[in-house]
Amino acid sequence: MDNNKVLGIIIVLICLLVFFNLRSKNDTDNNAASQKPAASSTQTKTTPKTAPAQPEEDDTAKIAKLDSIARAILREAELRNNAGMQPYFQQLMQEGVTEVSAPQVVKKKTPTCPPIRMELNGREISGSICVRMLYVYKGKDHYVGYCRP
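Note that this is a predicted model, so its numbers are computed, not measured.

**Student:** I would appreciate a short explanation of unusual backbone geometry in the present structure.
**Tutor:** Glycine aside, a negative phi is what most residues show, and trans is what most peptide bonds show. In this structure, Arg80 is a non-glycine residue whose phi angle is positive, near 60°. Along the chain, Arg80 turns up in the loop between helix 2 (59-78) and helix 3 (82-94). Even without being glycine, Lys138 reaches a positive phi, approximately 55°. Along the chain, the position of Lys138 falls in the loop between strand 5 (129-137) and strand 6 (140-148). Of the residues examined, Lys138 reaches a relative accessible area of 54% and is grouped as exposed.

Have a look at this one:
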């Protein structure tokens, strides 16, 4: 026989073996799924009861609360009161915040300097004193900040 014919026959045999193997595997899976224990007349059917879903705290309310705490940190940072910031940092961590950046405070050097410009959540804020910080809650970054005129 020619080498091409032998190779063709081997390929056909392999394909047939794979096909029958897959078919028999599907048949056994279907049989196992269709076989259920027979219900006796004395047994009562019970349906599993699911526990009522616990209402989760609204994330927007939680984030508003966290933003409020972060703004308190920023007010203390603006006053350069490190000791005053610590309780607020602890409060953020107790509320589930995983990371907090150091507050960034930027002031104009002189009154004639142009206003400071910062980007915050996709918008630009400006003023003579600007403060901002970042905290991470449930894996998402949240930026908080403000500028004073």
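Let's pick the thread back up.
**Student:** Sorry, what's going on with the side chain of Glu78 here?
**Tutor:** Looking at the element boundaries, Glu78 is found in helix 2. Among the polar contacts listed, one links the side chain of Glu78 to the side chain of Arg148, at a separation of 2.9 Å. Each residue touching Glu78, except ones within four places of it in the same chain, is listed here: Val105, Lys107, Ile129, Val131, Tyr146 and Arg148.

**Student:** I'm lost on helix 3 in this one. Help?
**Tutor:** Since the α-helix packs 3.6 residues into each turn, any two residues three or four apart lie on the same face. Here helix 3 is 13 residues long and its end C-alpha atoms lie 19 Å apart, about the 18 Å a rise of 1.5 Å per residue gives. Those residues of helix 3 lying buried are Gly84, Met85, Phe89 and Leu92. Projected onto a plane normal to the axis of helix 3, the buried residues spread over an arc of 135° and lie on a single side. Within helix 3, the exposed residues directed more than 90 degrees away from the buried face are Ala83, Gln90 and Gln94. Buried residues belonging to helix 3 abut helix 2, strand 1 (97-100) and strand 5. Once helix 3 finishes, Gly96 follows within two positions and takes phi at roughly 110°, a positive value.

**Student:** Can you walk me through the pairing of strand 4 (residues 123-127) in this structure?
**Tutor:** Along a regular strand, successive side chains alternate from one face of the sheet to the other. Bridging between strand 3 (residues 116-120) and strand 4 involves five bridges; their strand directions are antiparallel. What sits directly across from Met118, in strand 4, is Ile125. The loop that links strand 3 with its antiparallel partner strand 4 comprises two residues; one of these, Asn121, has a positive phi angle of about 55°.

Cut-offs applied
Every chain is numbered on its own, with residues counted from 1 as its sequence reads. Local features in a predicted model are, by the rule used here, given only for residues with pLDDT of at least 70; side-chain atom pairs are given and counted only at 80 or more, and totals for whole chains, interfaces and linings are based on all residues. Heavy atoms throughout the structure, all of them, feed into the side-chain values; hydrogens and water do not. Going along the chain from the N terminus, every DSSP run of H or I of four or more residues is numbered as a helix, and every run of E of two or more is numbered as a strand. Using a 1.4 Å probe on the protein chains alone, a residue whose accessible area is under 20% of its type maximum counts as buried, one over 50% counts as exposed, and one in between counts as partly exposed. Polar contact is the term for a pair of N or O atoms within 3.5 Å; when the atoms are in protein, one must be able to donate a hydrogen and the other to accept it, and sequence-neighboring residues count only if both atoms are side-chain atoms. A contact between two residues is defined here by any heavy atoms of the two lying within 4.5 Å. Each residue after the first adds 1.5 Å to the expected span of a helix. Here the arc refers to the directions that run from the helix axis out to each C-beta atom. Here, any two strands with at least 2 DSSP bridges between them count as paired.

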